[in-house]
Amino acid sequence: MLPVIEVSHLTRMYGPRAAVKDLSFTVEDGQIYGLLGPNGAGKSTIMNILTGYLAATSGTVTVCGHPLPEEADAARACVGYLPETPPLYPEMTVEEYLRFAAALKGVRRAGRKAQVEKAARRTGLTGVMPRLIRNLSKGYRQRVGIAQALLGSPQVIILDEPTVGLDPAQVIEMRRLIQELGKSHTVILSSHILSEVQAVCTRILILSHGQLAACGDLASLTAGHSSLEEVFLELTGGEDGAPDAGEEDAT
């Protein structure tokens, strides 16, 4: 499989501290990747760099063939991003917000309606399009966030803690949605919930102290261990350090 993301010797400094140190990995097309690591391990820094919102101090990053930051606009067009707190406007209806988001992403007016309808259909929002976002449940607001990430037909979808605050039934529905997205997109899922990563991801990246501790499929990573949790604790030492300076949410 061809890599859609290539990261080589990536370092990101915040003053004297390194949030990410000499990090190298590739993300292959058509996979669902789980991005795991304790607080302060560098997950937010990596996601912000991949989405073009933060520049690396050194090293190279290529997204869908576009080097960052030199071709940031082209790289951003290839990535749909759901932050941990989706950037929603509660006074808008779902339809109004998705049309607004499509315009911001440069979706042409002629195709905007069709893209919004397709994103709503894929995320199960068709029945709530006329409703105000403020009146939606947490689960449906997360679906709106994912729908906006799908606009513009990006090749890569990055989801930051998509099930935080959801009840068990909503978590199950969200996992099913992520698995469905993985059939047509490369997905990177950042989560603190090991069972969630184990349930939906085909490959796993584990970070520790800003460095790559392990990368592989679940079977290879857990060979000789009883569980992913055991592997995670062994590789990270059970660390739960303070957030690196500059990381917004230490995820």
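Residues numbered from 1 in each chain as written. Predicted model: local features only at pLDDT ≥ 70, side-chain atom pairs only at ≥ 80, totals over all residues. Heavy atoms only, no water.

1. Quick notes on a nonpolar patch on the surface
Okay, step 1: Side chains of Tyr89, Phe100 and Leu104 sit close together on the surface and give an oily, nonpolar patch of about 320 Å² of accessible area.
Okay, step 2: Its location among the elements puts Leu104 in helix 3 (residues 94–104). (Patch = residues over 30% accessible without salt bridge, like charges linked within 9 Å, V, L, I, M, F, W, Y side chains within 5 Å. Areas by Shrake-Rupley, 256 points an atom, 1.4 Å probe, with all protein chains shown as cover. Salt bridge = Lys/Arg side-chain N within 4 Å of Asp/Glu carboxyl O. Helix = DSSP H or I, 4+ residues; strand = E, 2+ residues; numbered from the N terminus.)

2. Concerning the state of the cysteines
Okay, step 1: Per the stated rule, a full pass over the model turns up 0 disulfides.
Okay, step 2: Cysteine Cys64 is unpaired, with the sulfur of Cys78 as its nearest cysteine sulfur at 3.9 Å.
Okay, step 3: Of all cysteine sulfurs, the one in Cys201 lies closest to Cys215, which takes part in no disulfide; the gap is 12 Å. (Disulfide = S-S within 2.5 Å.)

3. Quick word on the pairing of strand 4 (residues 58–63)
Okay, step 1: Inspection of the sheet shows strand 1 (residues 3–14) paired to strand 4 by 5 bridges, in the antiparallel sense. Along strand 4, the bridge assignment pairs Ile5 with Val63.
Okay, step 2: Across 3 bridges, the pairing between strand 4 and strand 5 (residues 66–68) is antiparallel. Residue pairing for strand 5: Val63 is matched across the bridge by His66.
Okay, step 3: From the end of strand 4 to the start of strand 5, which pair antiparallel, there are 2 residues, and Cys64 there has a positive phi angle of about 50°. (Pairing = 2+ DSSP bridges.)

4. A word on the packing of aromatic side chains
Okay, step 1: Going through the model one piece at a time under the given rule, you end up with 2 aromatic pairs.
Okay, step 2: Consider the rings of Tyr89 and Tyr97, whose centres lie 6.3 Å apart with planes at 45°: the pair is tilted.
Okay, step 3: For the ring pair Tyr89 and Phe100, a centre distance of 5.6 Å and an interplane angle of 90° mean the geometry is edge-to-face. Separated by 11 residues along the polypeptide, Tyr89 in the loop between strand 6 (79–82) and helix 3 and Phe100 in helix 3 bring together distant segments of the chain.
Okay, step 4: The structure contains a cluster of three or more aromatic residues connected by ring pairs, namely Tyr89, Tyr97 and Phe100. (Phe/Tyr/Trp six-rings, centres within 6.5 Å; stacked < 30°, edge-to-face > 60°.)

5. Observations concerning the side chain of Thr51
Okay, step 1: On the secondary structure map, Thr51 appears in the loop between helix 1 (43–50) and strand 4.
Okay, step 2: Judged by relative accessible area, Thr51 falls into the buried class, the value being 3%.
Okay, step 3: For Thr51, the side chain forms a polar contact with the main-chain oxygen of Asn48, separated by 3.3 Å.
Okay, step 4: Other than its neighbours up to four places away in sequence, Thr51 contacts Arg76, Val79, Tyr81 and Ile158. (Buried < 20%, exposed > 50% of the residue type's maximum accessible area, 1.4 Å probe, protein only. Polar contact = N/O pair within 3.5 Å; in protein donor to acceptor, adjacent residues only side chain to side chain. Contact = heavy atoms within 4.5 Å.)

6. Re the confidence of the model for the chain
Caution is warranted with low-pLDDT regions, since their predicted coordinates should not be read in detail.
Okay, step 1: Per-chain confidence: the chain averages 89 in pLDDT, with 94% of residues scoring 70 or above.
Okay, step 2: The low-confidence segment residues 241–251 (pLDDT under 50) makes 36 contacts with residues lying over four places distant or belonging to another chain. (pLDDT = per-residue confidence, 0-100.)

7. Thoughts on the pattern of salt bridges
Okay, step 1: One pass over the structure, following the stated rule, counts 6 salt bridges.
Okay, step 2: One salt bridge connects Glu117 with Lys113, and the closest N-O pair in it is separated by 2.5 Å. One end of the pair, Glu117, and the other, Lys113, are both in helix 4 (residues 109–122), 4 residues apart, so they sit about a helical turn from each other.
Okay, step 3: When its relative accessible area of 46% is taken as the criterion, Lys113 is described as partly exposed.
Okay, step 4: Between Glu173 and Arg143 there is a salt bridge; the shortest N-O distance is 3.4 Å. One end of the pair, Glu173, is in helix 6 (residues 168–181); the other, Arg143, is in helix 5 (residues 138–150), and 30 residues separate them in sequence.

8. Focus on the side chain of Thr236
Okay, step 1: Along the chain, the position of Thr236 falls in helix 9 (residues 228–236).
Okay, step 2: At 2.8 Å, the side chain of Thr236 and the backbone oxygen of Phe232 are in polar contact.
Okay, step 3: Among residues more than four places away in sequence, those in contact with Thr236 are Pro38, Ile206, Leu207 and Ser208.

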